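Here are the chains, one letter per residue:
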Amino acid sequence: MQDVTRLNINDLRQAVGTHIVGVGTRLVYVPEVESTNTLAMKLARERPEEGLVVLTDSQTAGKGRQGRRWVDTPGCNIISSTLLRPLFPPHLLVMIASLAVVEAIERVCGVQVALKWPNDVLVAERKVCGILIETSHDQDGCLVAVLGIGINANGQLQGRVEQKGMEVELATVATTLEIVCGHPVSREEILIHLLAALEKEYFALQQEAIEPPVVTSWARPVARLLRERWQSHLTTLGRTIKVHQGDSVVEGVAEAVNDNGELLLRRDSGELVCITWGVVEHFPG
Ligand code: BTN
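Predicted model, so just to flag it, every value in this text is computed and none were measured.

(A) Region of interest: the packing of aromatic side chains. Summed over all chains, the structure comprises two aromatic pairs. On the basis of an interplanar angle of 70° and a centroid distance of 6.0 Å, the ring pair of F88 and Y202 is categorised as edge-to-face. Of this pair, F88 sits in the loop between β3 (77–84) and α3 (91–109) while Y202 is found in helix α6 (residues 187–210), placing the two residues 114 residues apart along the sequence. On the accessibility criterion, Y202 (1% relative accessible area) is buried.

(B) Just the site of the ligand, in detail. The local shell around the ligand holds 21 residues, among which S35, Q59, K63, R65 and K127 are the closest. One of the side-chain N or O atoms of S35 is found 2.8 Å from an oxygen atom in the ligand. Between the ligand and the protein, one listed contact pairs an oxygen atom with a backbone N or O atom of K63 at 2.7 Å. For the ligand, the protein covers 99% of the area, taking 420 Å² as the surface of the free molecule. For the shell around the ligand, the secondary-structure elements that each account for two or more residues are α2 (36–46), β3, β6 (126–137) and β7 (143–152). Counting residues per element, the shell around the ligand draws most heavily on β6, at four residues. Residues of the shell around the ligand, tallied by class, amount to five nonpolar, 11 polar and five charged.

(C) Inspection of the pattern of salt bridges at higher detail. Following the criterion strictly, the structure yields 15 salt bridges and no others. For K42, the salt bridge identified is with E46, shortest N-O distance 3.8 Å. You can see K42 and its partner E46 sitting in helix α2, four residues apart, about one turn around the helix. Among the residues examined, K42 registers a relative accessible area of 43% and is labelled partly exposed.

(D) Fine view of the sheet that holds β7. Taken together, the seven strands give an open sheet; going across it, the order is β1-β2-β3-β7-β6-β5-β4, and neighbouring strands pair in mixed fashion. Each end of this open sheet is capped by a strand with a single partner; those strands are β1 (27–33) and β4 (114–116). Pairwise comparison of adjacent strand axes, ignoring direction, gives a mean angle of 20° for this sheet. Pairing between β4 and strand β5 (residues 120–123): three bridges, direction antiparallel. Across the sheet, residue K116 finds its bridge partner in β5, namely D120. Contacts from α2 reach β1, β2 (52–59), β3, β6 and β7, with the element oriented near 150° to β2.

Parameters at a glance
- Residues numbered from 1 in each chain as written.
- Predicted model: local features only at pLDDT ≥ 70, side-chain atom pairs only at ≥ 80, totals over all residues.
- Heavy atoms only, no water.
- Phe/Tyr/Trp six-rings, centres within 6.5 Å; stacked < 30°, edge-to-face > 60°.
- Helix = DSSP H or I, 4+ residues; strand = E, 2+ residues; numbered from the N terminus.
- Buried < 20%, exposed > 50% of the residue type's maximum accessible area, 1.4 Å probe, protein only.
- Near = heavy atom within 4 Å.
- Polar contact = N/O pair within 3.5 Å; in protein donor to acceptor, adjacent residues only side chain to side chain.
- Areas by Shrake-Rupley, 256 points an atom, 1.4 Å probe, with all protein chains shown as cover.
- Nonpolar A, V, L, I, M, F, W, Y, C, P; charged D, E, K, R; others polar.
- Salt bridge = Lys/Arg side-chain N within 4 Å of Asp/Glu carboxyl O.
- Pairing = 2+ DSSP bridges.
- Axes fitted to C-alpha atoms, helices over the stretch in contact; angles between N-to-C directions.
- Contact = heavy atoms within 4.5 Å.

Shown next as structure tokens:
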């Protein structure tokens with residue numbers, strides 16, 4: 001019987017329907033690794049091609065946003081890093097990565113998926129996926145980006161986690177696709193849709209960057225439509241939220257996002273502040 005805690009990489013290789021992303025030698029699988037993002041960035045220095053995908057069943061030092069750790073249950077999660085060489089502004093990477101995850105989960109699980117600014121993926125208000133994008137420049141000064149995606153696919157969630165200085169049950173803030181679907185899900189099937197969606201969004205933006213239809217970037221229709229789709233999934237908008245930035249907290253109503261994907265927060269004082277980073281806390285309701 002197939003051991004489902006090990007990715008069936010042969011099946012995956014045959015089933016990926018992409019043109020470059022994760023195709024042939026561009027699909028790298030290691031049963032265990034420190035961090036797929038770190039490995040992908042290392043490989044980027046040795047191999048020039050874009051579309052390299054690093055997959056694993058478990059990370060020993062998975063990286064989260066804001067310098068936090070990303071812990072997985074071995075064999076239960078989708079842990080992937082995709083190497084891209086974008087010619088478009090890097091803030092659009094957040095949008096293509098999170099929309100690709102939305103598409104893959106919605107297609108395979110048939111559940112509604114929402115986004116918490118900037119790129120946490122939620123089902124039923126609980127986090128099901130985290131995204132960490134790391135960028136660098138190659139010898140020619142060209143942008144190299146690694147899109148690290150961690151999806152809680154299978155298993156139940158037990159234990160407690162620290163959240164803003166307090167211990168809470170993990171299951172109150174996070175979930176898995178198995179929990180929301182009521183049955184285990186195929187990690188391979190989700191990856192097939194994820195890679196296809198990533199490639200589709202990436203190619204469209206690259207094409208627009210190579211042959212811009214007009215001179216001003218804001219008028220680019222592919223980027224504008226992408227931003228609109230991303231924004232339509234953002235459940236953060238219209239809510240009273242807290243943004244944790246290291247030791248400080250900013251509170252207010254999330255009014256909008258600007259063209260760069262930054263959050264515009266209306267404070268009680270009436271001041272509108274532009275939030276470029278931080279961990280957002282949604283209040284219930
Ligand atoms: C977050 O803090 O929400 C982001 C978590 C990102 C985790 C993924 S798993 C694959 C990739 N490799 C890493 O070390 N981190 C990212």
